[in-house]
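Architecture at a glance
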Amino acid sequence: MTHEGRNAVVTGGGRGIGRAIATVLAANGAAVAVWDLNAANAEETVAQIREAGGKAIAVVGNAAETTAVKEAAARTRAELGPVTILVNNAGITKYSAFMDLTEENWDNIIEVNLKGPFLVTQAFVPDMLEAGWGRIVNISSSSAQTGGPAVAHYAASKGGVIGFTKALATEFVATGITVNNVPPGTVDTPLLREGYDPEQLAAAMPMKRVGRPEDIAYAVNYLASDEAGYVTGQTLSVNGGRYFV
């Protein structure tokens, strides 16, 4: 399984799951553009990839803002070339009980988690159509599958990502582009730690551990490969048995 000669974009690649995805793709031969709002985090991911012998660049910008996406896409093409692997990983959550949920909080989550993938995907589909080959992997969430308290806005946004995945897979099915999504279960990341203690959560997990970012990265690596060429529109749940689909 190799990505030699291909260029990849990983949004939110500066830490957590995004960093693991970028690192695994690079280890398998892809040149990776690490997109992130935080320049220091993006540069740290790039440094780790380069130290391991891979190729990567850091691209700083807001993946949910039209002008920023266009500028980031232009820079990525200028430094790496056309992009045929896209991982829409950037996402946020702000835990809130439903009756305390503000319109501003709702809009912010939808903008980043759902509008962002739309903008970034639209920027790179032309590269994939020209190549006659492309891989789009969207990171959704098991919260969209199971629901949960204090995440109505987050679950709704990630449910939208799953629907977005299926619609694009159908539209581009005959072009050589596949579109799939990975909904992580409980994974030990900085984002998770903003609301929970991973060790306390582990006891409630079927496998008695929370996931690692690499668990998600290996699934993405497969979906981004030639070997997954007959897989599209699918939800590959990586959740340690939390939810079966």
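First, a word on what this report is: a plain description of the structure on this page. (Residues numbered from 1 in each chain as written. Predicted model: local features only at pLDDT ≥ 70, side-chain atom pairs only at ≥ 80, totals over all residues. Heavy atoms only, no water.)

1. Here we look at the overall build of the protein
Summing up its helical and strand segments, the protein has nine helices and six strands in all. Structurally, the protein occupies a C-alpha span of about 45 × 35 × 35 Å along its principal axes. With 245 residues in all, the protein has 51% of them scored as buried. Considering only residue pairs separated by 6 or more positions, the protein has 72% of its internal contacts joining residues 24 or more positions apart. Split by element, the accessible area of the protein, about 11,000 Å² in all, is 54% carbon and sulfur. Taken together, the 18 basic and 24 acidic charged side chains of the protein have centroids lying 4 Å from each other. (Helix = DSSP H or I, 4+ residues; strand = E, 2+ residues; numbered from the N terminus. Buried < 20%, exposed > 50% of the residue type's maximum accessible area, 1.4 Å probe, protein only. Contact = heavy atoms within 4.5 Å. Areas by Shrake-Rupley, 256 points an atom, 1.4 Å probe, with all protein chains shown as cover. Lys, Arg positive; Asp, Glu negative; His and termini not counted. Charge placed at Lys NZ, Arg CZ, Asp CG, Glu CD.)

2. Overview of the packing of helix α1 (residues 16-27) against helix α9 (residues 213-223)
Where α1 contacts α9, the two axes come as close as 8 Å, and the packing angle between them is 45 degrees. By the angle between their directions, the pair α1 and α9 is classed as oblique. For the pair α1 and α9, the sense of crossing is right-handed. Contacts from Gly16, Ile17, Ala20, Ile21, Val24 and Leu25 in α1 reach Pro213, Glu214, Ile216, Ala217, Tyr218, Val220 and Asn221 in α9. In terms of residue class, the contact of α1 with α9 is built from 10 nonpolar, two polar and one charged. (Axes fitted to C-alpha atoms, helices over the stretch in contact; angles between N-to-C directions. Parallel < 35°, antiparallel > 145°, perpendicular 65-115°, else oblique. Left-handed = near helix turned anticlockwise from the far one by under 90°. Nonpolar A, V, L, I, M, F, W, Y, C, P; charged D, E, K, R; others polar.)

3. Considering the layout of surface pockets
Reported here for the second largest pocket is a volume of approximately 160 Å³. If you go around the second largest pocket, you meet 14 residues; those closest to its centre are Arg209, Gly211, Asp215, Asn239 and Gly240. Across the lining of the second largest pocket, the residue classes break down as six nonpolar, five polar and three charged. (1 Å grid on protein atoms, 1.4 Å probe; cavity = no way out; pocket = protein on both sides within 12 Å on 5 of 7 lines; lining within 4 Å. Points joined across faces, edges and corners; volume = space filled by probe spheres on them.)

4. Brief notes about the nonpolar core
Ile21, Leu25, Val32, Val182, Ile216 and Val220 are the most contacted members of the largest nonpolar core, which totals 31 residues. Going through the elements one at a time, β1 (7-11), α1, β2 (31-36), α2 (39-51), β3 (55-60), β4 (85-88), β5 (134-139) and α9 are the ones with two or more residues in this core. Counting residues per element, this core draws most heavily on α1, at seven residues. Leave out the neighbours within four places in its chain, and Ile216 touches Ile17, Ile139, Val182, Pro184, Val187 and Val238. One finds Ala73, Leu80, Phe124 and Leu168 within the second-largest nonpolar core, a separate group that totals 26 residues. (Core = buried A, V, L, I, M, F, W, Y, C linked by side-chain atoms within 4.5 Å.)

5. Regarding α9
When α9 is considered as a whole, its buried residues turn out to be Pro213, Ile216, Ala217, Ala219, Val220, Asn221 and Leu223. Along its buried surface, α9 packs onto α1, β4, β5 and β6 (177-182).

6. Some details on the pattern of salt bridges
Pairs may arise between side chains of opposite charge once their charged atoms sit close together. If you walk through the whole model with that rule in mind, you get six salt bridges. For the salt bridge of Glu79 with Arg75, the shortest nitrogen-to-oxygen distance reads 2.6 Å. Here the residue Glu79 and the residue Arg75 both occupy positions in helix α3 (residues 66-79), the gap between them amounting to four residues, near one helical turn. Residue Arg77 pairs with Asp127 through a salt bridge whose shortest N-O separation is 2.9 Å. Of this pair, Arg77 sits in helix α3 while Asp127 sits in helix α4 (residues 103-131); the two residues are 50 residues apart in sequence, bridging distant segments of the chain. (Salt bridge = Lys/Arg side-chain N within 4 Å of Asp/Glu carboxyl O.)

7. Regarding the sheet that holds β4
Across the sheet, six strands lie side by side as β3-β2-β1-β4-β5-β6; this open sheet has parallel pairing. Each having just a single partner strand, β3 and β6 make up the two edges of the open sheet. Pairwise comparison of adjacent strand axes, ignoring direction, gives a mean angle of 15 degrees for this sheet. When β4 meets β5, the two strands line up parallel, connected through four bridges. By the bridge assignment, Ile85 is partnered in β5 with Arg135. (Pairing = 2+ DSSP bridges.)

8. What to know about the side chain of Asn180
Along the polypeptide, Asn180 turns up in strand β6. Among the polar contacts listed, one links the side chain of Asn180 to the backbone oxygen of Val231, at a separation of 3.0 Å. Discounting residues that sit within four places of it in the chain, Asn180 has contacts with Ile136, Val137, Asn138, Thr165, Leu223, Val231, Thr232, Gly233 and Gln234. (Polar contact = N/O pair within 3.5 Å; in protein donor to acceptor, adjacent residues only side chain to side chain.)

9. What to know about the packing of aromatic side chains
Applying the stated rule across the entire model yields one aromatic pair. The ring centre of Trp133 lies 3.6 Å from the NZ or CZ of Arg6, which sits over that ring. (Phe/Tyr/Trp six-rings, centres within 6.5 Å; stacked < 30°, edge-to-face > 60°. Lys NZ or Arg CZ within 6 Å of the ring centre and 35° of its normal.)

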